[in-house]
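Descriptive structure summary
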Amino acid sequence: MRKFIPLCGLLCILTSGTAIAQTDMPASCDNGKFLADQRNFEQTGPTRVDLAEHICGTVSGITARARHTRSGVHSFFYVTVGQNQTIRIVSDLDRMNAPEWPWVRKGDQVDIAGRYYYDSERSQGIDWTHHGTGRHWHVPGYVTVNGTRYQ
């Protein structure tokens with residue numbers, strides 16, 4: 001389980017194997033920052049650091065049905081953010097104010113704020129895309145689909 005030490009909403013310091021989080025959410029979509037962060041993780045490997053990211057792009061795929069996980073009902077879709085890169089988006093349907101899944105379609109334009117996690121090249125994505133915060137993440141997120149915001 002990840003543990004975070006909030007420090008004035010900025011980069012937290014890694015101590016004794018505790019994860020850190022950079023929680024300064026970019027005010028607007030910054031795919032360049034996201035792609036640089038992704039490249040950095042690919043070079044360094046998992047660091048147990050989670051980052052606040054604000055991306056935008058085109059929905060390239062969705063899961064047909066929501067899934068029940070140990071933390072609730074979640075939906076998953078994929079967004080192309082440039083340079084032929086896609087990223088998995090995780091939405092907690094129990095916490096979001098959104099219609100019944102699926103509320104995104106392939107080709108939709110989206111703007112997403114959430115937490116970028118990188119566990120491995122095959123296990124990475126953006127979650128906490130809802131308005132709620134928690135003990136381990138203090139930045140509210142959202143998903144805007146073709147101009148309609150869900151949080």
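Here's what I pulled together on the structure shown here. This one's a predicted model, so the numbers in the text were calculated from it and none came from an experiment.

A closer look at the environment of Ile89
Examined against the element boundaries, Ile89 turns out to sit in strand 5 (residues 85–92). Ile89 sits in the buried class, given a relative accessible area of 0%. Residues Ile89 and Gln124, 35 residues apart in the sequence, show an inter-C-alpha distance of 9.2 Å. Dropping the residues within four chain positions of it, Ile89 is found in contact with Ile55, Ser75, Phe76, Phe77, Val79, Ile112, Ile126 and Thr129.

Some words on the packing of aromatic side chains
In total, this model carries seven aromatic pairs according to the counting rule given. Pairing Phe34 with Tyr116 gives two aromatic rings, centres 4.9 Å apart and planes at 70°, and the pair type is edge-to-face. Taken together, the residues span a long stretch of sequence, with Phe34 in helix 1 (residues 31–44) and Tyr116 in strand 6 (residues 109–120) at a distance of 82 residues. This pair shows no difference in class: Phe34 is buried, exactly as Tyr116 is. Every member of this aromatic cluster is reached through a ring pair, and the members are Phe34, Phe41, Tyr116 and Tyr118. One Lys or Arg, Arg149, reaches over the ring of Tyr142 and ends 3.6 Å from the middle of that ring.

So, the pairing of strand 7 (residues 123–127)
Counting buried positions over the five residues of strand 7 gives four, a clear majority of the element. The sheet contact formed by strand 6 and strand 7 spans five bridges and is antiparallel. Across the sheet, Tyr118 pairs through a bridge with Gln124, a residue of strand 7. The turn joining strand 6 and strand 7, which pair antiparallel and follow one another in sequence, is formed by two residues.

Observations concerning the layout of surface pockets
In this structure, the second largest pocket occupies an estimated 190 Å³ of space. If you trace the second largest pocket, you find it lined by Gln38, Glu42, Tyr78, Gln85, Thr86, Ile87, Arg88, Tyr117, Glu121, Arg122, Ser123 and Gln124. Of all the secondary structure elements, the ones that give two or more residues to the lining of the second largest pocket are helix 1, strand 5 and strand 7. With four residues, the top contributor of residues to the lining of the second largest pocket is strand 5. Among the residues making up the lining of the second largest pocket, the classes are represented as three nonpolar, five polar and four charged.

Details of the pairing of strand 2 (residues 49–62)
With 10 of 14 residues buried, strand 2 is to be regarded as a mostly interior element. Relative to strand 6, strand 2 is paired through eight bridges, and the arrangement is antiparallel. Among the inter-strand pairings, Gly57 is bridged to a residue of strand 6, identified as Val110.

Structural notes on the nonpolar core
Ranked by internal contacts, the top residues of the largest apolar core, which has 24 residues, are Phe77, Trp103 and Ile112. Of all elements in the fold, only helix 1, strand 2, strand 4 (72–82), strand 5, strand 6 and strand 8 (142–145) reach the threshold of two or more residues within this core.

Observations concerning the environment of Arg115
Its place among the elements puts Arg115 in strand 6. The exposure class assigned to Arg115 is buried, which follows from its relative accessible area of 9%.

Digging into the state of the cysteines
Considering all chains together, one arrives at one disulfide under this definition. Across a sulfur-sulfur distance of 2.0 Å, Cys29 and Cys56 are joined as a disulfide pair. Its S-S torsion of approximately -75° makes the covalent link between Cys29 and Cys56 left-handed. With a gap of 27 residues between them, Cys29 in the loop between strand 1 (20–22) and helix 1 and Cys56 in strand 2 connect regions that are remote in the sequence. Here Cys29 falls in the partly exposed class, since its relative accessible area comes to 25%.

Calculation criteria
- Residues numbered from 1 in each chain as written.
- Predicted model: local features only at pLDDT ≥ 70, side-chain atom pairs only at ≥ 80, totals over all residues.
- Heavy atoms only, no water.
- Helix = DSSP H or I, 4+ residues; strand = E, 2+ residues; numbered from the N terminus.
- Buried < 20%, exposed > 50% of the residue type's maximum accessible area, 1.4 Å probe, protein only.
- Contact = heavy atoms within 4.5 Å.
- Phe/Tyr/Trp six-rings, centres within 6.5 Å; stacked < 30°, edge-to-face > 60°.
- Lys NZ or Arg CZ within 6 Å of the ring centre and 35° of its normal.
- Pairing = 2+ DSSP bridges.
- 1 Å grid on protein atoms, 1.4 Å probe; cavity = no way out; pocket = protein on both sides within 12 Å on 5 of 7 lines; lining within 4 Å.
- Points joined across faces, edges and corners; volume = space filled by probe spheres on them.
- Nonpolar A, V, L, I, M, F, W, Y, C, P; charged D, E, K, R; others polar.
- Core = buried A, V, L, I, M, F, W, Y, C linked by side-chain atoms within 4.5 Å.
- Disulfide = S-S within 2.5 Å.

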